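# Inside the fold
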Amino acid sequence: PVSPAETSPPAFVTAQHLLVAYKGAAAASPKITRTKDQAKKRAQEACDKAKSGSDFTELVAQYSDEPGAAERRGNLGKFTPDKMVKAFSDAAFALAVGQTSDVVETKFGFHVIKRNQ
């Protein structure tokens, strides 16, 4: 038997992420000129590297377009489901600790999420 604590979602998670933006995505820097397809391919490349054991923090520094991501190492700290857009929260809260998501699309671009707690 599974205890209720194991089946109910956590109240919060701690995660890192990287964001690959594209021209026209919400909050994207005007300097970003890649297309949506190019962004998705870039995010998938980062995701594949993360899942094959590359250091997630290094991938954030290499791939993420989020301002300040490299300095923060992509850390989002603790957050509850209502603090992030739904697709992002759904993916983050479905991960086991230490697990990396598939590519997640939001209005900001394509994310790869790693749950840390």
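A short tour of the structure in this document, coming up. (Residues numbered from 1 in each chain as written. Predicted model: local features only at pLDDT ≥ 70, side-chain atom pairs only at ≥ 80, totals over all residues. Heavy atoms only, no water.)

### What to know about the sheet that holds strand β3 (residues 104-106)
Remark on secondary structure: sheet strands pair via backbone hydrogen bonds, oriented parallel or antiparallel. Sheet architecture is open: four strands sit in the order β2-β1-β4-β3, paired in antiparallel fashion. Each edge of the sheet is formed by a strand with only one pairing partner; in this case those strands are β2 (75-79) and β3. Averaged over all adjacent pairs, the angle separating strand axes in this sheet is 40 degrees, with direction ignored. Sheet strands in contact with helix α2 (residues 36-51) are β1 (13-20), β3 and β4 (109-115), and its direction is about 15 degrees off that of β4. Taken strand by strand, helix α5 (residues 86-94) contacts β1, β2, β3 and β4, and its axis lies near 155 degrees from that of β3. (Pairing = 2+ DSSP bridges. Helix = DSSP H or I, 4+ residues; strand = E, 2+ residues; numbered from the N terminus. Axes fitted to C-alpha atoms, helices over the stretch in contact; angles between N-to-C directions. Contact = heavy atoms within 4.5 Å.)

### Comments concerning the packing of aromatic side chains
Inspection of the entire model under this criterion finds three aromatic pairs. Judged by centre distance (6.1 Å) and plane angle (55 degrees), the ring pair of F79 and F88 falls under tilted. Among the residues examined, F79 registers a relative accessible area of 4% and is labelled buried. Look at F88 and you get buried, because its relative accessible area is 3%. Each member of the aromatic cluster is reached from another via a ring pair, and the members are F79, F88 and F93. (Phe/Tyr/Trp six-rings, centres within 6.5 Å; stacked < 30°, edge-to-face > 60°. Buried < 20%, exposed > 50% of the residue type's maximum accessible area, 1.4 Å probe, protein only.)

### Focus: the pattern of salt bridges
Counted according to the given criterion, the structure contains five salt bridges. Between K36 and E105 there is a salt bridge, with the nearest N and O atoms lying 2.8 Å from each other. Highlighted residues: K36 in helix α2 and E105 in strand β3, separated in sequence by 69 residues. One salt bridge in this structure joins K86 and D90, with 2.7 Å as the shortest N-O distance. Highlighted residues: K86 and D90, both in helix α5, separated by four residues, approximately one helical turn. When its relative accessible area of 61% is taken as the criterion, K86 is described as exposed. You can call D90 partly exposed: its relative accessible area is 41%. (Salt bridge = Lys/Arg side-chain N within 4 Å of Asp/Glu carboxyl O.)

### What about the environment of L95?
Locating L95 in the fold gives a position in the loop between α5 and β3. With 21 residues separating them in the primary sequence, L95 and N116 have C-alpha atoms 9.4 Å apart. Setting aside chain neighbours within four positions, we find L95 in contact with T100, S101, I113 and R115.

From the geometry alone we can't say anything about function, so treat these as descriptive.
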